[in-house]
Amino acid sequence: MTRVYLVRHAKSVGNVIRIFQGRCNLGLSDEGKAQLPQLAEWFRYVHLDAIYSSPLLRTMQTAEAVNNYHKLPIQTDEGLREIFAGKWEGQKFSELPQ
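Residues numbered from 1 in each chain as written. Predicted model: local features only at pLDDT ≥ 70, side-chain atom pairs only at ≥ 80, totals over all residues. Heavy atoms only, no water.

Visitor: Sorry if this is basic, but what is going on with the packing of aromatic side chains here?
Guide: Two descriptors summarise a pair of aromatic rings, namely the distance from one centre to the other and the angle between the planes of the rings. A complete count under the given rule lists 5 aromatic pairs for this structure. Consider the rings of tyrosine 5 and tryptophan 42, whose centres lie 6.1 Å apart with planes at 75°: the pair is edge-to-face. With tyrosine 5 in the segment before α1 (13-17) and tryptophan 42 in helix α2 (residues 30-43), this residue pair connects regions lying 37 residues apart in the sequence. When its relative accessible area of 35% is taken as the criterion, tyrosine 5 is described as partly exposed. Taken together, a centroid distance of 6.2 Å and an interplanar angle of 70° make the contact between phenylalanine 20 and tryptophan 88 edge-to-face. A residue pair is termed long-range when its members are at least 10 positions apart, and phenylalanine 20 in the loop between α1 and α2 and tryptophan 88 in the segment after β2 (74-76) qualify at 68 residues. Tryptophan 88 sits in the partly exposed class, given a relative accessible area of 35%. A connected cluster of aromatic rings, assembled from ring pairs, spans Tyr5, Trp42 and Phe43. Directly above the ring of tyrosine 69 sits arginine 44, whose terminal nitrogen or CZ lies 4.3 Å from the centroid. (Phe/Tyr/Trp six-rings, centres within 6.5 Å; stacked < 30°, edge-to-face > 60°. Helix = DSSP H or I, 4+ residues; strand = E, 2+ residues; numbered from the N terminus. Buried < 20%, exposed > 50% of the residue type's maximum accessible area, 1.4 Å probe, protein only. Lys NZ or Arg CZ within 6 Å of the ring centre and 35° of its normal.)

Visitor: Whenever I open this one, helix α3 (residues 57-66) confuses me. Can you help?
Guide: Three- or four-residue spacings in an α-helix give side chains the same orientation, since the helix completes a turn every 3.6 residues. Burial analysis of α3 places 8 of its 10 residues in the buried class, the great majority of the element. Inspection of α3 places Arg58, Thr59, Met60, Gln61, Thr62, Ala63, Ala65 and Val66 among the buried residues, and these make up the whole buried set. Lining the buried residues of α3 we find α2, β1 (51-53) and β2. (Contact = heavy atoms within 4.5 Å.)

Shown next as structure tokens:
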């Protein structure tokens, strides 16, 4: 049996400043970084054969926490990147059209 765990990245800087991140390569906020030890502990005794991540900084930081006790190579895949939102990327949600 194969199990797939889907993990959304921890709270990012873009989440804090309320922007449409898209492919903006922002890292985790202080709160997001504080979430990582709990994530690592949750996955501590979960058997993992592989870890895949988007190459974006916030997702790699989150994948590293999942991998904390496993020491597997984190495989990046461009196909896992966030959608490209063109001119909306980096814009505050409050400034986007209705």
